[in-house]
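Residue-level structure breakdown
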Amino acid sequence: MEVKAVVLPINRSSKNYSMVCGDALEWLKKASHHSIHAVVTDPPYGLIEYKPDQLQKLRGKKGGVWRIPPSFDGCQRTPLPRFTVLTEDDKNEMKRFFWRLANLLRKVLVPGGHVFIATNPLLSYLVYEPFISVGFEKRGEIARTTQTLRGGDRPKNAHREFPDVSVMPRSCWEPWGLFRNPCEGRVQDNLRKWGTGALRRISEDEPFKDLIGSGPARGHERKIAPHPSLKPQAFIRQIVRAALPLGDGVILDPFMGSGSTIAAAEACGFKSIGIEKDLEYYKMALRAIPLLSTIKTEIGGLSGR
Ligand SMILES: C[S@@+](CC[C@H](N)C(=O)[O-])C[C@H]1O[C@@H](n2cnc3c(N)ncnc32)[C@H](O)[C@@H]1O
């Protein structure tokens, strides 16, 4: 199957993947109908954290929407965006953004194509509602159990007064919304015609499951790709592998960051396309994908087939 990548200012293609430096929504507007078989993505949340002014603050260690978690055990921790600072206007803007994204994905995905979209317990409803409203079927939610260090704090400036109180639960999981473009006819018909409509099993005896234990990306992977939202290969390869039930087709990550999804697709031997707007992260992905894709993981090994 031909992979058509719209040529934007910077673009790199290999046998299995294409990378585009540009805006995902603009790219999607020009992409061909029914050219993508699955989307695996970790989008910007709050939209503001990846805007140039906030990225400048992050890179200058000036905070802004980014919070540097305390280093209580001597470990250097990656910054986290503070989603609680979002205003009602920010949330409405976010809903409009996900509505536009969902609409464009409906067009480029083949019937039965799945979308796996990373979110968080505070904001997931702002993503799910637009996806359902444009006609995607909600097919469940994947719970990635991981300590995010988000929440669990005592009331600000009143820690001593309320020592037994947490303002919010300490988050121990990351929800991934799972959506499907409606199938053409029965699942079996859709599988024959488009190669999609279902999820790849872990093995003959074991179906794909919606609970996946996975710590944050650490050590070697983080050195290769020091992106604040890097997803570990051991986790993302499981998602990518499940997304193409017959192992054929093209995976799209419209917000690829440092390219962990594309590296996972490469490790599984799948075709993929990654889009990233920020030039620094695009260059990071360029270097990181060949290295991340050859990392040995405990789960899934090198090959997803
Ligand atoms: C949450 S991060 C993804 C990180 C990725 N999962 C990884 O492992 O590196 C989202 C990325 O989307 C990029 N981004 C934000 N808005 C975008 C847009 N409109 N088009 C393309 N990329 C965008 C940001 O620069 C950021 O790198």
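Everything here concerns the structure above.
Residues numbered from 1 in each chain as written. Predicted model: local features only at pLDDT ≥ 70, side-chain atom pairs only at ≥ 80, totals over all residues. Heavy atoms only, no water.

Notes on the pattern of salt bridges
The test is simple: Between Lys or Arg on one side and Asp or Glu on the other, a salt bridge is scored when a side-chain nitrogen of the former is within 4 Å of a carboxyl oxygen of the latter. In this text, helices come from DSSP runs of H or I with a minimum length of four residues, and strands from runs of E with a minimum of two, each type numbered from the N-terminal end. The rule is simple: take the accessible area with a 1.4 Å probe, protein chains only, and divide by the maximum for that residue type; under 20% is buried, over 50% is exposed, in between is partly exposed.
Counted under the stated rule, the structure contains twelve salt bridges. Among the salt bridges present, the one from Lys-91 reaches Glu-88, with a minimum N-O distance of 3.8 Å. Here Lys-91 and its partner Glu-88 are both found in helix α3 (residues 88-108), three residues apart, which amounts to about one turn of the helix. One salt bridge in this structure joins Arg-186 and Asp-189, with 3.0 Å as the shortest N-O distance. Overall, the relative accessible area of 27% leaves Asp-189 in the partly exposed class. The network of salt bridges with shared partners includes Asp-42, Arg-144, Glu-174 and Lys-231.

With respect to the site of the ligand
Our working rule: A molecule or strand has a residue near it when one of that residue's heavy atoms lies within 4 Å. N or O atoms closer than or at 3.5 Å make up a polar contact, with two conditions inside protein: a donor-capable atom paired with an acceptor-capable one, and, for residues adjacent in sequence, both atoms drawn from side chains. Surface accessibility in these figures is a Shrake-Rupley result with a 1.4 Å probe; residues are shielded only by whichever protein chains are displayed. Each residue is assigned to one class: nonpolar for Ala, Val, Leu, Ile, Met, Phe, Trp, Tyr, Cys and Pro, charged for Asp, Glu, Lys and Arg, and polar for all the others, Gly among them.
Neighbouring the ligand are 21 residues, the closest being Ala-24, His-227, Ser-258, Ser-260 and Glu-276. Separating a nitrogen atom of the ligand from a side-chain N or O atom of Asp-42 is a distance of 2.9 Å. Within the complex, the protein chains bury 96% of what would otherwise be the 610 Å² of accessible surface of the ligand. Of the residues contributing to the shell around the ligand, the split by class is nine nonpolar, six polar and six charged.

Examining the pairing of strand β11 (residues 271-276)
Stated precisely, the cut-off is as follows: Between any two strands, pairing holds if DSSP finds at least two bridges.
Along β11, five of the six residues are buried, which leaves the element largely enclosed by surrounding structure. Strand direction decides the pairing type here: strand β2 (residues 17-21) and β11, joined by five bridges, are parallel. Within β11, the residue paired with Met-19 across the bridge is Gly-274. Where strand β10 (residues 250-253) and β11 come together, four bridges link them in parallel fashion. Among the inter-strand pairings, Ile-251 is bridged to a residue of β11, identified as Ser-272.

Side note on unusual backbone geometry
Residue His-34 is not a glycine yet carries a positive backbone phi of 55°. Turning to its location among the elements, His-34 is positioned in the loop between α1 (24-30) and β3 (36-41). A relative accessible area of 29% means that His-34 is categorised as partly exposed. Here Asn-157, not a glycine, exhibits a phi torsion of approximately 60°, which is positive.

Some remarks on the packing of α3 against helix α4 (residues 124-133)
If you want to describe how two helices pack, look at the angle between their axes and the distance between the axes. Rule in force here: A fitted line through C-alpha atoms serves as each axis, taken over the contacting stretch for helices, and the angle formed by two N-to-C directions is quoted from 0 to 180°. Orientation categories follow fixed angle ranges, with anything under 35 degrees roughly parallel, anything over 145 roughly antiparallel, 65 to 115 roughly perpendicular, and all other angles oblique. We call a crossing left-handed when the near helix sits turned anticlockwise from the far one by less than a right angle, and right-handed when that turn is clockwise. Contact criterion: two residues are considered in contact whenever any of their non-hydrogen atoms come within 4.5 Å of each other.
Packing of α3 against α4 leaves a shortest axis separation of 8 Å and a crossing angle of 40°. With respect to their mutual orientation, α3 and α4 come out oblique. Every pair of crossing elements has a handedness; the one defined by α3 and α4 is right-handed. Facing Lys-91, Met-94, Lys-95, Phe-98, Trp-99, Leu-101, Ala-102 and Leu-105 of α3, the residues of α4 in contact are Tyr-125, Leu-126, Val-127, Glu-129, Pro-130, Phe-131 and Ser-133. Across the contact of α3 with α4, the residue classes tally to eleven nonpolar, one polar and three charged.

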